[in-house]
Amino acid sequence: MARIQAIRGMNDVLPEQTPVWQFLEERLRTLVHRYGYREMRFPIVEQTQLFKRSIGEVTDIVEKEMYSFSDRNGDELSLRPEGTAVCVRAAEQHGLLYNQQQRLWYRGPMFRYERPQKGRYRQFHQFGVEAFGMTGPDVDAELILMTHRLWRMLGLDGHVRLELNNIGTSSDRTAYGRALVEYLRPYREQLDEDSRRRLDSNPLRILDSKAPGTQEILRDAPVLDDFLSEETVAHYGELKALLDGAGIAFVENPRLVRGLDYYNNAVFEWVTDSLGAQGTVCAGGRYDTLVEQLGGRATPATGFAIGLERLVLMLENADVVPEDMKRAVDVYVVVQQGQEAMAMQLAERLRERRAGLRVLTHCGGGKVPAQVKRAFNSGARLVLIIEESGASELQLKVRALDDSLSDVSVAESALDPVLARL
Ligand code: ATP
Ligand code: MG
């Protein structure tokens, strides 16, 4: 029978790869807790309507990337393609937003039917942060400072750069969109196919086109800058001043428009050159109208999401995960015939003795050299072999598998200095 394989674009993460994920997840959790953010958990499946109303009907995500289906009851559901809309739905549903400030974070799988390639998958993971009830720009600067600190915590500073833009209010963009369409209409036939379609549905997304012909035409197009309301210009200016004051470098990218309709005002991305076309590792900005759009009271909001797979690729390249985190075993206990119970109890005492010590007890018998070989393959640093068990305590032979120590014989009670070397 043919073997069943994973779905294209949905990855298994094997034990060799999990340490870098754990490293990243641990640093992320530490980071957000240092800024007073609290975790939210919400479902993977939501009503399709939630995403249509938030991300927008004519965005790539909703038009062609969602995994949507009707359940047995006939309800229209979708696997979540992103977390912001779900976070808003959940926070609003449980009364977390009315007249309050909230600093929240979440993490988990997202689903988009895209063409799988390096850094782009159909099931991928995001770490997201959302702040509600604050008009900014102080809180926007906080989010950027937080991500800036993250790159340092991960050893990736210098590998990413910050891009900023002010995309104005939704009515600024409508006015600009009209001007853009007017300018582009005579060039309609020269535009790439996606852009031609967007001319009628979502003209601002044309700015994002990768087609050289379209980019050429765009060179003399009207710019959003000339359509921005004073209020967003002031906000954006203050944000830049806060970043300057904090010593955070950025480049302004007028082409940065974001692919989701709910964004407004200041938006940002952290971009790397090391991942080819999939260069955005973190993306965010303000979305001050989304809560109201989803049925709540108007609530200012801002946030960002990090694509974890892309960061994992960067971390693998930079090889920054400490050796200690890559190893699953510190001590390997060899078990000779007749010693099974004794060895198991020894291992338990070792785990009692030192919190965090990773002890693997050999199972399944076999000769000592064969067990030592397994110990070597397990990555353990020390092997313990019970030499003598008659006396009041065990006498152990300790072998260091990294040659840092020649074989020594020690009583169990005298193991501390040896274990302290780990
Ligand atoms: P891109 O321009 O790369 O398609 P996006 O604008 O669609 O990204 P967002 O919806 O803003 O992405 O999601 C935030 C982050 O999630 C992205 O910056 C990226 O790091 C990550 N991401 C988005 N889509 C995918 C995917 N299909 N596979 C892996 N990571 C993804
Ligand atoms: Mg995308």
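Presented here is an overview of the structure given in this document. Keep in mind that what you see is a predicted model, and the values were worked out from it rather than measured.

Strand order in the open sheet made by the 3 strands is β2-β4-β3, with antiparallel pairing throughout. Edge positions in the sheet fall to β2 (45–47) and β3 (68–70), since each has one partner strand and no second. Sheet twist, expressed as the mean angle between neighbouring strand axes with direction ignored, is 35 degrees. Alignment of β3 against strand β4 (residues 76–79), held across 3 bridges, turns out to be antiparallel. The residue bridging Ser 68 from the neighbouring strand is Ser 78, located in β4.

Attention now moves to the site of ligand 1. Around ligand 1 sit 15 residues, and of these Arg 112, Glu 114, Arg 120, Arg 258 and Thr 280 come closest. Contact between ligand 1 and Arg 310: an oxygen atom at 3.0 Å from a side-chain N or O atom of the residue. Its free accessible area being 580 Å², ligand 1 has 87% of it covered by the protein chains. Looking at which element gives the most residues to the shell around ligand 1, the answer is strand β10 (residues 280–286), with 3 residues. Counted by class, the shell around ligand 1 contains 6 nonpolar, 4 polar and 5 charged residues.

As a further point, take the pattern of salt bridges. Per the counting criterion, the structure on display carries 28 salt bridges. Measuring nitrogen to oxygen at the nearest pair gives 2.9 Å for the salt bridge that ties Glu 39 to Arg 41. Overall, Arg 41 belongs to the exposed group, its relative accessible area being 71%. Between Asp 324 and Arg 327 there is a salt bridge, with the nearest N and O atoms lying 3.1 Å from each other. Since its relative accessible area comes to 42%, Asp 324 is described here as partly exposed. Given the relative accessible area of 15%, Arg 327 is considered buried.

Take the packing of aromatic side chains next. Taken as a whole and judged by the stated rule, the model has 10 aromatic pairs. Consider the rings of Tyr 183 and Tyr 187, whose centres lie 5.4 Å apart with planes at 45 degrees: the pair is tilted. Cluster of aromatic residues (ring-pair linked, three or more members): Phe 132, Tyr 262, Tyr 263 and Tyr 287. Here the basic side chain of Arg 122 rests over the ring of Tyr 113, its NZ or CZ set 3.9 Å away from the ring centre.

The next point concerns the sheet that holds strand β7 (residues 161–166). An order of β1-β5-β6-β11-β10-β9-β7-β8 is seen for the 8 strands of this open sheet, with the pairing classed as mixed. In this open sheet, the two edge strands, each paired with only one partner strand, are β1 (38–39) and β8 (251–252). Two strands pair when backbone bridges link them, and strand β6 (residues 123–132) and strand β11 (residues 301–307) are joined in this way by 7 bridges, in the antiparallel orientation. Paired with Phe 132 across the bridge in β11 is Ala 301.

Analysis parameters
- Positions within a chain are numbered from 1, following the residues in the order the chain's sequence is written.
- Chain A is the first chain written and ligand 1 is the first ligand written, with later ones labelled in order.
- Given that the model is predicted, a residue must reach a pLDDT of at least 70 before its local features are reported, and side-chain atom pairs must reach 80 or more before they are shown or counted; all residues, however, enter totals for whole chains, interfaces and linings.
- Note: side-chain values were computed over all heavy atoms of the structure, leaving out hydrogens and water.
- Strand pairing follows a simple DSSP-based rule, namely that at least 2 bridges must link the two strands.
- Numbering goes from the N terminus for both helices and strands, where a helix is a DSSP run of H or I of at least four residues and a strand is a run of E of at least two.
- Working convention: axes come from line fits to C-alpha atoms, limited for helices to the stretch in contact. Angles between N-to-C directions cover 0 to 180 degrees.
- The rule for a residue being near a molecule or strand is that one of its heavy atoms must lie within 4 Å of it.
- What qualifies as a polar contact is a pair of N or O atoms within 3.5 Å, subject to a donor-acceptor requirement within protein and to the restriction that residues adjacent in sequence count only when both atoms come from side chains.
- Residue exposure ignores everything except the shown protein chains as possible cover, and the areas themselves are Shrake-Rupley values with a 1.4 Å probe.
- Charged residues are taken to be Asp, Glu, Lys and Arg, nonpolar residues to be Ala, Val, Leu, Ile, Met, Phe, Trp, Tyr, Cys and Pro, and polar residues to be all remaining types, Gly included.
- Between Lys or Arg on one side and Asp or Glu on the other, a salt bridge is scored when a side-chain nitrogen of the former is within 4 Å of a carboxyl oxygen of the latter.
- Buried means the residue's accessible area, taken with a 1.4 Å probe over protein chains only, is under 20% of the maximum for its type, while exposed means over 50%, and partly exposed covers the values in between.
- Ring geometry is summarised as follows: Phe, Tyr and Trp rings, the Trp one being its six-membered ring, pair when their centres sit within 6.5 Å, and such pairs are stacked at plane angles under 30 degrees, edge-to-face over 60 and tilted between the two.
- Put simply, a charge is over a ring when the Lys NZ or the Arg CZ is close to the ring centre, within 6 Å, and near the line of the ring normal, within 35 degrees.

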